[in-house]
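# Breakdown of the fold
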Amino acid sequence: MEQTFVRSGTGPGIDGAAVAALADEPLDWRFKALPADAWGRTVREWLATGPTLGGLGTPLLTLDAAALDHNLRTMADWCAKAGVALAPHGKTTMAPALWQAQLDAGSHGITLANLPQVRVARAFGVRRILLANTLLDPAGLGWLAAELAADPEFAFVSWVDSTESVRLMDEALRAAGAERPVEVLVELGGPGGRTGARGVDAAVEIAAAVLRAPALRLAGVGGYEGALAHDATADGLATVRGYLKALAELHGRLTRAYPDDAPPIVSAGGSAYFDLVVEELAGLPDTFTVLRSGAYLAHDDGFYRGISPLVRGAGDAPFRSALHGWARVVSRPEPQLALLDAGKRDLPFDEGLPEPQRVRGGAELTGTAARITALNDQHAFLRDAGDLAPVGAVLRLGVSHPCTAFDKWTMIPVLDSADAPEPRVTGLVRTFF
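Here the structure is a predicted model, which means the values were calculated and not measured. (Residues numbered from 1 in each chain as written. Predicted model: local features only at pLDDT ≥ 70, side-chain atom pairs only at ≥ 80, totals over all residues. Heavy atoms only, no water.)

## Examining the overall build of the chain
Using the following cut-off: Under the scheme used here, helices are H or I runs from DSSP no shorter than 4 residues and strands are E runs no shorter than 2 residues, and both carry numbers assigned from the N terminus. In this description the radius of gyration comes from C-alpha coordinates, and the expected globular size is given by 2.2 Å times residues to the power 0.38. Note on exposure labels: buried denotes an accessible area under 20% of the residue type's maximum, exposed denotes more than 50%, and partly exposed covers the range between, all computed with a 1.4 Å probe on protein chains only. Working rule for contacts: check all heavy atoms of both residues, and any pair within 4.5 Å makes them a contact. Accessibility throughout is a Shrake-Rupley quantity obtained with a 1.4 Å probe, and a residue counts as covered only by protein chains that appear here. Residues scored as charged are limited to Lys and Arg (positive) and Asp and Glu (negative), so that His and the chain ends carry no count. Each charge is placed at NZ for Lys, CZ for Arg, CG for Asp and CD for Glu.
Counting its secondary structure elements, the chain contains eleven helices and 17 strands. Here the C-alpha atoms of the chain give a radius of gyration of 23 Å, agreeing with the 22 Å that 2.2 N^0.38 yields for 433 residues. Oriented by its inertia axes, the alpha-carbon framework of the chain measures out at about 70 × 50 × 35 Å. Residues classed as buried in the chain amount to 54% of the 433 residues present. Long-range contacts, defined here as pairs at least 24 residues apart, represent 70% of the contacts in the chain between residues at least 6 apart. Of the roughly 17000 Å² that the chain leaves accessible, carbon and sulfur atoms contribute 52%. Positive and negative side-chain charges in the chain, numbering 39 and 51 respectively, have mean positions lying 1 Å apart.

Put into structure tokens, the structure is as follows:
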């Protein structure tokens with residue numbers, strides 16, 4: 001029987017065999033995180049040799065296994081207590097193994113941002129996908145129609161934010177001979193924000209257009225509050241609350257329009273304001289509230305460390321940063337200037353520069369004057385570390401914004417603990433960007 005995103009069975013949500021097969025991928029020069037002694041071995045074979053951090057080169061990005069596990073359990077428990085579903089945003093990691101961990105921990109589905117990402121998810125058998133975007137590409141819609149027809153267990157929902165997008169989507173699906181209607185959420189935006197209808201009245205008109213479109217099914221409402229604020233100030237939080245109240249109003253005006261075969265979806269919530277989403281939306285009657293937080297799993301030592309709801313009193317234990325950069329001092333042309341061998345091609349920089357934390361086998365740098373002031377393509381400018389960071393020293397770096405970290409690495413080593421004297425490599429996370 002055809003499934004909706006809300007009522008889509010109780011299976012694992014992903015093809016575990018396809019994920020497990022990643023352990024048989026041969027390693028070679030394509031994976032910049034790995035040393036030459038890994039070449040010619042599979043992932044499984046190399047991990048069996050007992051590699052350690054000391055055997056890896058720089059630049060490097062790693063994940064901390066204990067922090068990943070803590071964040072996974074913390075968010076799953078928080079959502080269960082709040083009574084909301086979680087469809088974590090898979091675009092953060094584009095790592096099927098991490099998606100599987102999130103689904104195994106209770107996530108309802110995976111959120112994605114564009115068609116190429118959806119294709120990756122379907123290659124690994126992801127069964128419930130929320131596309132937080134509008135899909136208008138006729139060829140892509142044809143592919144989607146075929147996927148839905150071929151797999152009755154596949155549940156998919158996307159966004160629309162104009163009557164024109166409704167028309168184009170409906171026409172392309174009917175031209176492709178779509179057998180199943182595509183579920184859509186009417187997206188509400190806000191002034192100066194990203195996509196989304198500007199105002200509740202406009203969104204109601206879009207919903208009416210969906211009801212007239214044979215190839216579409218009105219499944220609920222959604223949007224992204226993080227496009228309207230970027231801090232946790234009183235003004236920023238008030239802006240987010242105002243937006244969420246408007247989203248609740250939109251849902252209320254559409255309650256009589258929804259089909260009665262599944263509860264309507266109300267979806268919002270990145271990793272910065274999911275507490276407010278629950279406060280404003282989770283109490284709506286007879287709804288299926290879906291959070292889409294993605295950055296929580298890796299967290300960071302920058303933007304999310306400062307804005308996460310769990311540091312604003314919304315939980316008992318904060319998330320922990322699972323991401324670390326590692327870079328070597330390759331030049332010290334001035335007494336208080338050192339150049340590291342990691343740059344913009346290796347580490348995120350759009351939401352804050354990396355921060356020096358410690359020298360491997362040496363000094364703690366947190367709390368000192370040492371700081372990174374700029375990144376070039378392949379270098380970081382470390383200032384005021386002095387003799388604490390001599391040429392050849394390897395530094396551990398905290399990074400900000402996981403959404404622009406994972407995309408720089410096709411294979412990311414997982415360490416048992418980044419705090420250990422000699423961390424062991426316990427896994428490799430494969431990404432598909």
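## With respect to the sheet that holds strand β2 (residues 85-86)
Using the following cut-off: Think of it this way: DSSP has to see at least two bridges between two strands before they count as a pair. Interaxial angle, 0 to 180 degrees, is taken between N-to-C directions of lines fitted to C-alpha atoms, where a helix line uses only the stretch in contact.
Across the sheet, eight strands lie side by side as β2-β9-β8-β7-β6-β5-β4-β3; this open sheet has parallel pairing. The strands lining the two open edges of the sheet, one partner per strand, are β2 and β3 (110-112). Pairing analysis gives two bridges linking β2 to strand β9 (residues 288-291), with the strands arranged parallel. Each bridged residue has a counterpart across the sheet, and for L86 the counterpart in β9 is L291. Contacting β3, β4 (128-131) and β5 (155-160), helix α5 (residues 115-123) runs over the sheet at an angle of about 175 degrees to β4. Packing against the sheet, helix α9 (residues 234-254) makes contact with β6 (182-187), β7 (216-222) and β8 (265-267), and its axis sits at approximately 145 degrees to β7.

## Some details on the pairing of strand β17 (residues 425-430)
Among the six residues of β17, five are classified as buried, and the element is accordingly described as predominantly covered. With five bridges connecting them, strand β16 (residues 411-415) and β17 associate as antiparallel partners. Paired with P413 across the strands is L428, a residue of β17.

## Description of the pattern of salt bridges
Formally: In what follows, salt bridge is the name for a side-chain nitrogen of Lys or Arg lying within 4 Å of a carboxyl oxygen of Asp or Glu.
If you walk through the whole model with that rule in mind, you get 29 salt bridges. One salt bridge connects E164 with R167, and the closest N-O pair in it is separated by 2.4 Å. Taken together, the residues E164 and R167, both in helix α7 (residues 163-175) and three residues apart, mark about one turn of the helix. The partly exposed category is assigned to E164, whose relative accessible area is 39%. The residue R371 makes a salt bridge to D384 at a minimum N-O spacing of 2.2 Å.

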